[in-house]
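# Summary of structural features
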Amino acid sequence: MHVRRIVLSAAALLMCLCAYRANGAAEEAGDARPLAETKKVLVAYFSHTGNTRVVAEQIHQAAGGDIFEILSEKPYPADYNACVEQARQELDSGYLPPLKTKIEDIRPYDLIFIGYPNWWSTFPAPVRAFLSENDLSGKTVVPFCTHGGGGMGRSVTDISKLCPNSPMLEGIAIPGSDVRNAQDTVREWLRRNRITK
Ligand SMILES: Cc1cc2nc3c(=O)[nH]c(=O)nc-3n(C[C@H](O)[C@H](O)[C@H](O)COP(=O)(O)O)c2cc1C
């Protein structure tokens, strides 16, 4: 009687161990799959003079998903100094410009790239408006920017203030003058973040 009980217990233990190992293996296999294959990707970006658009397209080409341009209803002045001055005022006042483009439904996306030029060490007001209008809670955010020497500035900290419930992956900052040759750098960064293979 005793022996039978011991044999049954051993069999049950063995089954549990097998199930545990199978789960572990599935999890490992899941972990190995790049994020772009398991998550719905959105590449959202703002670009005034086109540099950030180039990088957004490189990311889109490598990671797939959908691409979305954040456009302000009122375009920024083409004159550099006027644009710099307007950007400074908007930053100081926390202005949220009305956006010309709206994302129809953000809910299905779970891996969201946010791209922008570095303006005054952070992101331009239309990006602030986009992040304020759309609830990115629980979605993984991946920042990227182009710049004139200041890198990401404090933009990553500023994004986490607006998206406190969004895990963030390592971002990338590409000098505006390098964007056309940045495809390999972008691909390497995506692989490092386990977004692509
Ligand atoms: C209003 C304004 C402010 C800028 N401020 C900075 C800055 O603080 N640091 C920096 O490195 N570059 C700065 N730049 C340079 C841009 O970040 C750079 O040219 C960028 O690549 C432009 O991207 P875009 O072509 O997508 O608009 C500024 C440019 C503008 C127009």
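Below is a short write-up of the structure. (Residues numbered from 1 in each chain as written. Predicted model: local features only at pLDDT ≥ 70, side-chain atom pairs only at ≥ 80, totals over all residues.)

### Quick notes on the site of the ligand
Every one of the 20 residues lining the ligand counts as a neighbour, but Thr-52, Pro-117, Gly-148, Gly-150 and Gly-176 are closest to it. Looking at the shell around the ligand, the elements with two or more residues in it are helix H3 (51-63), helix H4 (80-93) and strand E4 (140-147). Per-class residue counts for the shell around the ligand are six nonpolar, 14 polar and no charged. (Near = placed C-beta within 6 Å. Helix = DSSP H or I, 4+ residues; strand = E, 2+ residues; numbered from the N terminus. Nonpolar A, V, L, I, M, F, W, Y, C, P; charged D, E, K, R; others polar.)

### Structural notes on the pairing of strand E1 (residues 41-45)
Across the five residues that make up E1, a large majority, five, are buried. Bridge analysis of E1 against strand E3 (residues 111-117) gives five bridges, and the strand direction is parallel. Residue pairing for E3: Leu-42 is matched across the bridge by Ile-112. The parallel pair E1 and strand E2 (residues 66-69) is bridged by H3, and the resulting crossover is right-handed. (Buried ≥ 20, exposed ≤ 12 C-beta atoms within 10 Å, placed from the backbone. Pairing = 2+ DSSP bridges. Right-handed = clockwise from strand over helix to strand, strands pointing away.)

### Re the nonpolar core
Ranked by size, the top nonpolar core spans 42 residues in total, and within it Val-43, Ala-44, Ile-112 and Phe-113 carry the most contacts. Listing elements by their share of this core, those giving two or more residues are E1, H3, E3, helix H5 (125-133), E4, strand E5 (172-175) and helix H7 (183-192). Apart from the residues within four sequence positions on either side, Ile-112 is in contact with Leu-42, Ala-44, Leu-136, Lys-139 and Val-141. (Core = buried A, V, L, I, M, F, W, Y, C linked by C-beta atoms within 7 Å. Contact = placed C-beta atoms within 7 Å.)

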